[in-house]
Amino acid sequence: MQVATACRNAFVQGAVVLAVLASVAATPAAAAELALPATDAGFVTEAGGSAKGDGTVVSAATYNYSAGFELHYGTGALFAPLAPMFRKNYFVFDLSPAAAPIVAAKLVLWTGTLETADAFELYVLKETTDMPAAVGLAAALAAGAGPADFDSPSDPLVMAAAALYAVLGDGTLTLGGIVLTPAADDSFVEITLGPAALAYLSAFAGGPVVLGGLVPSAEPPAFPQQPFGFTGPDLPGGDPKTPLLVVTTIPEPATVALWLCGLLALAGRAGPRRRAAAAGRR
């Protein structure tokens, strides 16, 4: 009789769990949208100049994320002769709250001012193939910039900025892009990231990511050819103009299934213990 009862209970438990698993598999998982503010942003030039270096002179420029082709210190060091320099911008996001897979994403940016004699400039986000290096170099620039930095071409931060420039957007994958005209000045724009970019972002879910952008339509010798001029002076305080990465994730049903299987295993182990205890009391 006891054996029959135990078998019947085990069968019922298994049937209940299987029914719940089937329900989980058949029910679409709820999507979760997260708006993640940038923890840092800026630009770097091919010679090692940086928005962080500008910040030692003009504090409001510390988080300027302008990009394109514009005058900057020719050696990366403060007060060096100015020269037309290519610059790439970057945005640092903490993806710790996000779980893979990321099924939708968009970058929301305040445009600032488009400085160009052309009718438009094209801005694209490109893959960064050495993410650990980009994360470390961006962190070094954010932590180290001060009045005594960027004072010579051999300054460690000048070299860090040049190294960051080299790894930003050096991959072949284009994450997204937008055509900017003066009509979009001083407004928010959204750059939607495509399917390949979503897989790319999903690979970094749970940790930091650096998104880098450049202006392929900028061509010497004319300057400036610079989108996002005069942007982002107040990022750390949660300014409403802080760049946002809005991601949508879908919890995987398999996670719930594993949790339910764990409960079933625990129930299976508890059953024999209860029967043994009952037999001992007789």
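For the structure itself, look to the data block above.
Quick caveat: nothing in here was measured; it's all calculated off a predicted structure.

1. A closer look at the pairing of strand S9 (residues 188-192)
Only one face of S9 is buried: it carries Val 189 and Ile 191, and the other face, with Phe 188, Glu 190 and Thr 192, is open. Sheet topology note: the strand S5 (residues 102-110)/S9 ladder contains five bridges and is antiparallel. The residue of S9 that forms the bridge with Lys 106 is Thr 192.

2. Things to note about the sheet that holds strand S12 (residues 244-249)
Sheet architecture is open: four strands sit in the order S1-S12-S5-S9, paired in antiparallel fashion. A single partner strand is all that each edge strand has here, and the edge strands are strand S1 (32-37) and S9. Each adjacent strand pair in this sheet contributes to an overall mean axis angle of 20°, direction not counted. Sheet strands touched by helix H5 (residues 195-202): S5 and S12. Its angle to S5, the strand with the most contacts, is close to 95°.

3. Considering a nonpolar patch on the surface
Side chains of Val 57, Val 58 and Phe 79 sit close together on the surface and give an oily, nonpolar patch of about 320 Å² of accessible area. Mapped onto the fold, Val 57 is located in the loop between helix H2 (51-54) and strand S3 (68-73).

4. A short note on unusual backbone geometry
Residue Pro 220 is joined to Pro 221 through a cis peptide bond whose omega torsion reads 10°. Its location among the elements puts Pro 221 in the loop between strand S10 (208-214) and strand S11 (226-229). A cis geometry characterises the amide bond from Phe 223 onward to Pro 224, with omega recorded as 0°. Structurally, the position occupied by Pro 224 is in the loop between S10 and S11. The backbone phi angle of Asp 186 is positive, close to 55°, even though this residue is not glycine. Along the chain, Asp 186 turns up in the loop between strand S8 (174-180) and S9.

5. Considering the pattern of salt bridges
Summed over the entire model, instances satisfying the criterion amount to two salt bridges. Note that Asp 40 and Lys 52 form a salt bridge whose closest N and O atoms lie 2.6 Å from each other. On the criterion of sequence distance, the pair formed by Asp 40 in strand S2 (residues 40-45) and Lys 52 in helix H2 is long-range, its members being 12 residues apart. Here Asp 40 matches Lys 52 in class, with each residue buried. Between Lys 106 and Glu 190 there is a salt bridge, and its shortest N-O distance comes to 3.4 Å.

Rules behind the numbers
- Residues numbered from 1 in each chain as written.
- Predicted model: local features only at pLDDT ≥ 70, side-chain atom pairs only at ≥ 80, totals over all residues.
- Heavy atoms only, no water.
- Buried < 20%, exposed > 50% of the residue type's maximum accessible area, 1.4 Å probe, protein only.
- Helix = DSSP H or I, 4+ residues; strand = E, 2+ residues; numbered from the N terminus.
- Pairing = 2+ DSSP bridges.
- Axes fitted to C-alpha atoms, helices over the stretch in contact; angles between N-to-C directions.
- Contact = heavy atoms within 4.5 Å.
- Patch = residues over 30% accessible without salt bridge, like charges linked within 9 Å, V, L, I, M, F, W, Y side chains within 5 Å.
- Areas by Shrake-Rupley, 256 points an atom, 1.4 Å probe, with all protein chains shown as cover.
- Salt bridge = Lys/Arg side-chain N within 4 Å of Asp/Glu carboxyl O.

Keep in mind these values describe shape, not function.
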